[in-house]
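So you can see what is in the structure, the chains are spelled out below.
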Amino acid sequence: MSKVLFVEPEKCTGCRTCELICSFTHVGEFNPLRSRVSVVSFEKTGFSFPAVCQQCSVAACMQVCPVGAITKDQLTGAMKVNDKTCLRCKMCTIACPFGATFYDGEHDAIIKCDLCDGDPECVKFCPSGAISYREAYTANRSKRKATAAKFQEVFEEGR
Amino acid sequence: MFITINNRQIEVQTGETILQVCRRENIFIPTFCYHEAFGGQGACRMCMVEVKENGRNKNRLVAACTYPVTATIEVFTESDRVQQVRRTLVMLLKRRAAQDPYIEELAHKYEAPLLPKLKVDPQGCILCRLCILACEKMGKSAIWTVLRGIDKRIATPYDEETDECMGCKACAEICPTQAITFLEDGEKRSIWNKTFTLVSCERCGKPYATREQLEYMREQTGYETAQICEPCRKKTLASQVEKYQN
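I will try to describe carefully the structure that is included in this document. Note that the structure is a prediction, hence the values are computed from the model and not measured.

1. Focus: the overall build of chain B
Of the regular secondary structure elements, chain B holds 7 helices and 11 strands. Taken against the 2.2 N^0.38 rule, which gives 18 Å for 246 residues, the C-alpha radius of gyration of chain B at 23 Å runs more than 25% over that of a compact globule. Based on the C-alpha atoms only, the size of chain B along its principal axes is roughly 75 × 50 × 30 Å. Taking all 246 residues of chain B together, the buried fraction comes to 45%. In chain B, the proportion of contacts linking residues at least 24 apart, taken out of those at least 6 apart, comes to 52%. For chain B, the computed accessible surface area is about 13,600 Å², with 48% contributed by carbon and sulfur atoms. The positive charge centre, built from 35 side chains, and the negative charge centre, built from 32, are 4 Å apart in chain B.

In structure tokens form, the structure reads like this:
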């Protein structure tokens, strides 16, 4: 079974530790601009959301790539960019509906989340557990449970 | 199958090019026109190597990027003959693209002499054709080589603006000598004698892509997206999630 990065924004504190560890593991520097994951924070409402690549099964970045440089990793299911065949036409950055694929001008490379080859560092370092790496079906199940609990609340109120 | 490269036995698969084998084994071969997305073209001739084939008395000079290995051969990548060919090539290329650091590095390595008397317009383009291939891969083919001989250059048909060009700059990005110039000035982008008006992000107002690029994307992916730039898409996603949560 393929695992997914499961994001629970209600747990995110907006500390941006994930951004730091992500850029450190991939490029060796603490630079949020080079991070594959980025936290969007709304100060007024106090809401933070770690925006990360969804590894779509029918991925816009993969469809739009003229040379097929973006392929699915058989082991992790992550969409990976082959730097050697990539033309740097940056079509994938325009195509991604989540803005999770972008261009790093200094390294001249397209960067996107590669799930750290099946061992995501952001998950290990997230202090509040807002990002977790789980089997796709259990990720769904916990959401279903939460919905069921809400239903239960509503029904009990009605009794 | 085994072949010998610089007196070293290396296992190869039939059909692999010499360049592919050397790249895999970290044997240095300079190239300009080679890109993994397209394979070898044999245009720049920088990858020339000396090959000793069975049943031939004389060694042959071949372009490593277009020579598929089909029999047991001996390859020399830094012999005197190879060095001489590369020296000549670098010497000539340096007249066309003197500002390029990689050519400068190779000129130093192969001790290429200067050619002050040769009259060449140092426009930077070394006719490696990578831009043509990139444009072709994008499905556009807006540019091609025009004229022949010493006048040969890369251009759009009749140097006029063409409907094919979508202003993606893939040609400029892939150019090994940065010879393709474009102008990006706020809401306008000019390349290949064509000026594009950039589409602005609906959220932050920053211009981010040409209309033709967005059209191309729609054709490829088959779905409509809001005209929002890449950093703003994260914000939009986040605010949608926030709305759903509350």
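2. Structural notes on helix 7 (residues 230-245) of chain B
An α-helix turns once per 3.6 residues; consequently, residues spaced three or four apart project the same way. Given a rise of 1.5 Å per residue, 16 residues ought to cover 22 Å, and the 23 Å separating the end C-alpha atoms of helix 7 of chain B matches this to within 8%. Of all the residues in helix 7 of chain B, the buried ones are Cys 232, Arg 233, Lys 234, Thr 236, Leu 237, Ala 238, Val 241 and Glu 242 of chain B. At its buried positions, helix 7 of chain B is contacted by strand 2 (38-42), strand 3 (47-51), helix 3 (91-95) and strand 6 (102-104) of chain A together with strand 11 (207-210) of chain B.

3. Description of the side chain of Thr 101 of chain A
With respect to the secondary-structure elements, Thr 101 of chain A resides in the loop between helix 3 and strand 6. Apart from the residues within four sequence positions on either side, Thr 101 of chain A is in contact with Cys 61, Cys 92, Thr 93, Cys 96, Ile 110, Ile 111 and Lys 112 of chain A together with Glu 230 of chain B.

4. Some remarks on the environment of Val 52 of chain A
Along the chain, Val 52 of chain A turns up in the loop between strand 3 and helix 2 (60-64). Excluding anything up to four places from it in sequence, Val 52 of chain A contacts Leu 5, Val 7, Val 37, Ala 100 and Cys 113 of chain A.

5. Re the interface of chain A and chain B
Facing 33 residues of chain A, the contacting portion of chain B comprises 32 residues. Buried surface at the junction of chain A and chain B, summed over both partners, amounts to about 2,800 Å²; 65% is from carbon and sulfur atoms. Sorting the residues of chain A by area buried against chain B places Leu 87, Met 91 and Ile 94 of chain A first, and these three jointly supply 22% of that buried surface. A salt bridge links Glu 173 of chain B to Lys 90 of chain A, with the nearest nitrogen and oxygen atoms 2.8 Å apart. The interface formed by chain A and chain B holds 5 residue pairs in polar contact (both at pLDDT 80 or more) in total. The set of elements that each furnish at least two residues to the side of chain A that touches chain B consists of strand 2, strand 3, helix 2, helix 3 and strand 6 of chain A. Ranked by residues supplied to the side of chain A that touches chain B, first place goes to helix 3 of chain A with 4 residues. Split into classes, the residues belonging to the side of chain A that touches chain B amount to 21 nonpolar, 7 polar and 5 charged.

6. A look at the sheet that holds strand 10 (residues 194-200) of chain B
Residues and elements named next belong to chain B. In space, the 4 strands of this open sheet follow the order 8-9-10-11, with antiparallel pairing throughout. Of all the strands in the sheet, the pair left with one neighbour each is strand 8 (183-185) and strand 11. Strand-to-strand twist in this sheet, taken as the mean axis angle between neighbours without regard to direction, amounts to 30°. Pairing of strand 10 with strand 11, which is carried by 3 bridges, proceeds in the antiparallel orientation.

7. Details of the packing of aromatic side chains
For the structure on display, the rule yields 4 aromatic pairs over all chains. An angle of 5° between the planes, with centres 4.6 Å apart, marks the rings of Phe 24 of chain A and Phe 30 of chain A as stacked. Judged by relative accessible area, which is 40%, Phe 24 of chain A ranks as partly exposed. Taking the relative accessible area as the measure of exposure, Phe 30 of chain A reaches 54% and is therefore exposed. Each ring, one from Phe 32 of chain B and one from Tyr 102 of chain B, has its centre 5.5 Å from the other, and the planes form 70°; the classification is edge-to-face. With Phe 32 of chain B in the loop between helix 1 (18-24) and strand 3 (48-52) and Tyr 102 of chain B in helix 3 (residues 101-109), this residue pair connects regions lying 70 residues apart in the sequence.

Conventions adopted
What you see as residue numbers is a count from 1 along each chain, following the sequence as written. Lettering of chains starts at A and numbering of ligands starts at 1, both following the order in which they are written. In keeping with the model being predicted, local features are shown solely for residues with a pLDDT of at least 70 and side-chain atom pairs are shown and tallied solely at 80 or more, while totals for entire chains, interfaces and linings include all residues. Derived side-chain values reflect all non-hydrogen atoms in the structure, with water molecules and hydrogen atoms excluded from consideration. Helix and strand labels come from DSSP, where a helix needs a run of H or I of at least four residues and a strand needs a run of E of at least two; each type is numbered from the N terminus. Radius of gyration here uses only the C-alpha atoms, and the compact-globule reference equals 2.2 Å multiplied by the residue count raised to the power 0.38. Classification of residues uses two cut-offs on accessible area relative to the type maximum, computed with a 1.4 Å probe and protein chains only: under 20% is buried, over 50% is exposed, and between them is partly exposed. In what follows, a contact means two residues having at least one pair of non-hydrogen atoms within 4.5 Å. The Shrake-Rupley method, run with a 1.4 Å probe sphere, supplies the accessible areas, and residue values consider only the shown protein chains as cover. Charged residues are defined here as Lys and Arg on the positive side and Asp and Glu on the negative side; His and the ends of the chain fall outside this count. To locate a charge, take atom NZ for lysine, CZ for arginine, CG for aspartate or CD for glutamate. The span one expects for a helix is its residue count, reduced by one, times 1.5 Å. Buried area, as used here, totals the accessible surface that two parts lose on assembly, with accessibility defined by a 1.4 Å probe and the loss added over both. Criterion for a salt bridge: a side-chain nitrogen of Lys or Arg within 4 Å of a carboxyl oxygen of Asp or Glu. Side-chain atoms alone can form a polar contact between residues adjacent in sequence; in general such a contact is a pair of N or O atoms within 3.5 Å, and within protein one must be able to donate a hydrogen while the other accepts it. Throughout this entry, Asp, Glu, Lys and Arg are counted as charged residues, while Ala, Val, Leu, Ile, Met, Phe, Trp, Tyr, Cys and Pro are counted as nonpolar. The remaining residues, Gly among them, count as polar. At least two DSSP bridges between two strands are needed for those strands to be called paired. Think of each axis as a best-fit line through the C-alpha atoms, taken over the contacting stretch in the case of a helix, with angles from 0 to 180 degrees between the N-to-C directions. Two aromatic rings from Phe, Tyr or Trp, using only the six-membered ring of Trp, form a pair when their centres are within 6.5 Å; if the ring planes differ by under 30 degrees the pair is stacked, by over 60 it is edge-to-face, and anything between is tilted.

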